[in-house]
Amino acid sequence: SATTSTTRTARKRSSLSIVKCQDNECTIETIRNGQIQEHASGLFKATRLVFREAPQAIALFVRRNDDFVRAKMVELANWLKYYLYDVELLVEPDVHAQLPQFSTWRADDADRLCDIIDLVICLGGDGTLLHITSLFRRSVPPIVAFNFGSLGFLTPFEFSNYRKDLAAILQGCYVTLRKRLECVVVHADETKTDEHFTVLNEVVVDRGNSPYLAKIDCYCDGTFVTTVQADGLIVATATGSTAYNVSAGGSMLHPTVPAICFTPICPHSLSFRPVIFPETSVIRLQLPSDSRSAGRVNLDGRRGPDLQASDAVIIRS
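Residues numbered from 1 in each chain as written. Predicted model: local features only at pLDDT ≥ 70, side-chain atom pairs only at ≥ 80, totals over all residues. Heavy atoms only, no water.

**Side note on the sheet that holds strand β15 (residues 259–265)**
- The six strands are arranged β16-β15-β14-β11-β18-β19 in an open sheet whose pairing can be described as antiparallel. Since the sheet does not close on itself, it has two edges, and those belong to β16 (275–278) and β19 (302–307), each with one partner. The sheet shows a mean angle of 20° between the axes of neighbouring strands, direction not considered.
- Bridge count for strand β18 (residues 295–299) against β19 is four bridges, and the pairing is antiparallel. When the bridges of β19 are listed, Arg 296 appears paired with Asp 306. (Pairing = 2+ DSSP bridges. Helix = DSSP H or I, 4+ residues; strand = E, 2+ residues; numbered from the N terminus. Axes fitted to C-alpha atoms, helices over the stretch in contact; angles between N-to-C directions.)

**Details of the packing of aromatic side chains**
- Across all of its chains, the model carries eleven aromatic pairs by this definition.
- On the numbers, 5.9 Å between centres and 85° between planes, the contact of Trp 79 with Tyr 162 is edge-to-face. With Trp 79 in helix α1 (residues 67–84) and Tyr 162 in helix α4 (residues 162–170), this residue pair connects regions lying 83 residues apart in the sequence.
- Classification of Trp 79 as buried rests on a relative accessible area of 12%.
- Judged by relative accessible area, which is 2%, Tyr 162 ranks as buried.
- Here the aromatic rings of Phe 262 and Phe 277 are separated by 5.3 Å at their centres, their planes lie at 80°, and the arrangement is edge-to-face. With Phe 262 in strand β15 and Phe 277 in strand β16, the pair connects residues that are 15 residues apart, well separated along the chain.
- Look at Phe 262 and you get buried, because its relative accessible area is 2%.
- Residue classification places Phe 277 among the buried residues on the basis of a relative accessible area of 13%.
- Through pairs of rings, three or more aromatic residues link up here, namely Phe 68, Trp 79, Tyr 83, Phe 146, Phe 148, Phe 157, Phe 159 and Tyr 162. (Phe/Tyr/Trp six-rings, centres within 6.5 Å; stacked < 30°, edge-to-face > 60°. Buried < 20%, exposed > 50% of the residue type's maximum accessible area, 1.4 Å probe, protein only.)

**Here we look at the side chain of Asp 165**
- Structurally, Asp 165 can be placed in helix α4.
- Despite its burial, Asp 165 remains without a salt bridge, the nearest opposite charge being carried by Lys 164 at 6.2 Å. (Lys, Arg positive; Asp, Glu negative; His and termini not counted. Salt bridge = Lys/Arg side-chain N within 4 Å of Asp/Glu carboxyl O.)

**With respect to the pattern of salt bridges**
- This model, assessed by the stated rule, comprises eight salt bridges.
- Of the charged contacts in the structure, one is a salt bridge between Asp 206 and Arg 296, with a shortest N-O distance of 3.8 Å. Placement of Asp 206 in strand β11 (residues 202–206) and of Arg 296 in strand β18 is noted, with a sequence separation of 90 residues between them. Like Arg 296, Asp 206 is buried.
- The shortest N-O distance in the salt bridge between Asp 306 and Arg 303 comes to 3.3 Å.
- What makes Asp 306 partly exposed here is its relative accessible area of 38%.
- Through salt bridges with shared partners, a single ionic network connects Arg 64, Glu 92 and Asp 94.

**Topic: the side chain of Arg 70**
- Looking at the secondary structure, you find Arg 70 in helix α1.
- In this structure Arg 70 is buried but unpaired, with Asp 67 as the nearest side chain of opposite charge at 4.7 Å.
- Apart from the residues within four sequence positions on either side, Arg 70 is in contact with Val 62, Gln 98 and Leu 99. (Contact = heavy atoms within 4.5 Å.)

**Details of the nonpolar core**
- Judged by nonpolar contacts, the single largest core of 30 residues is most densely connected at Leu 60, Leu 76, Leu 80 and Phe 146.
- Elements that contribute at least two residues to this core include exactly β3 (46–51), β4 (57–62), α1, β6 (119–124), β7 (143–147) and α4.
- By residue number, the principal contributor to this core is α1, which donates seven residues.
- When sequence neighbours within four positions are dropped, the list of residues in contact with Leu 76 reads Leu 60, Ile 121, Leu 123, Phe 146, Phe 159, Tyr 162 and Leu 166.
- The next biggest cluster of nonpolar side chains, apart from the first, holds 26 residues, and it includes Val 203, Ala 214, Ile 216 and Val 313. (Core = buried A, V, L, I, M, F, W, Y, C linked by side-chain atoms within 4.5 Å.)

**Side note on the sheet that holds strand β5 (residues 88–90)**
- Read across the open sheet, the four strands follow the order β5-β4-β6-β7; overall the sheet is parallel. Here the strands that pair on one side only, and so sit at the sheet edges, are β5 and β7. Taking each pair of neighbouring strands and ignoring which way they run, the sheet shows an average axis angle of 20°.
- Inspection of the sheet shows β6 paired to β7 by five bridges, in the parallel sense. Bridge pairing in β7 places Gly 124 opposite Asn 147.
- In this fold α4 packs onto β6 and β7, with an angle of close to 165° to the strand it touches most, β7.

**What about unusual backbone geometry?**
- Of note in the backbone geometry, Asn 65 takes a positive phi value of approximately 55° without being a glycine.
- Of note in the backbone geometry, Asp 221 takes a positive phi value of approximately 55° without being a glycine.
- Mapped onto the secondary structure, Asp 221 falls in the loop between β12 (214–220) and β13 (223–230).

As structure tokens, then:
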């Protein structure tokens, strides 16, 4: 029978544990309501996710405008219903219109999705996964990504093995914990409110539609670093280091390296090279008051706010 769109109330998430191992020592962290406590010091050679109880709510995300992938999602959903029996399966509201047998959420649930969903299954490419992470304002549930895209940097699982892979994952699996960037756009015009965003790959400040080079004053932890004259500037996570950042000549980082990439796009300079900052850094990019042109912020490949003279973008891990 068809299931109508429901408003879900915040509930206690299914209990999870993270087991982090370094050499012969392991620590166990209990995840309370989906919140993973991050430690600034030390890298762990192995991180294992353990479901102490079966997920109660699983969100299914599918590549857009692809009937073949959507059919595969229905196949996977039928198996999950058989394997977990009483699990609730959710899809995005616009997908729910075509697949009313699933549950969904309302627009006013957006700020508490991480309190609703225990596990995410992605059927798509890297773009689909970036879209998923943009929906979660705070923590992101564990994501299992099946590759239906072109590159598949972030979608390592093959759909042909989904029964075996999901059964193993629900028994406990190794995971990669990935950092995101928080971005705040501060407008010099006091009539505009600050805008907050979260990205997995990168924040790009560029010249937008202007034919002039972008001029950007750069600060790290409140200290002036340099003024960049370039087509733009990329601030990327370790995950995003293999995306736009590497195309612009930046360094590739392992996703667990605690660092932020700082890479100019076609700088008007013979000496400006990419820089790596520690992940504890707070980076401020500001258009100077005498800037000849406006700028633009792009967030994981999506167009963000336009910038005027004296506007700033504050970025932290």
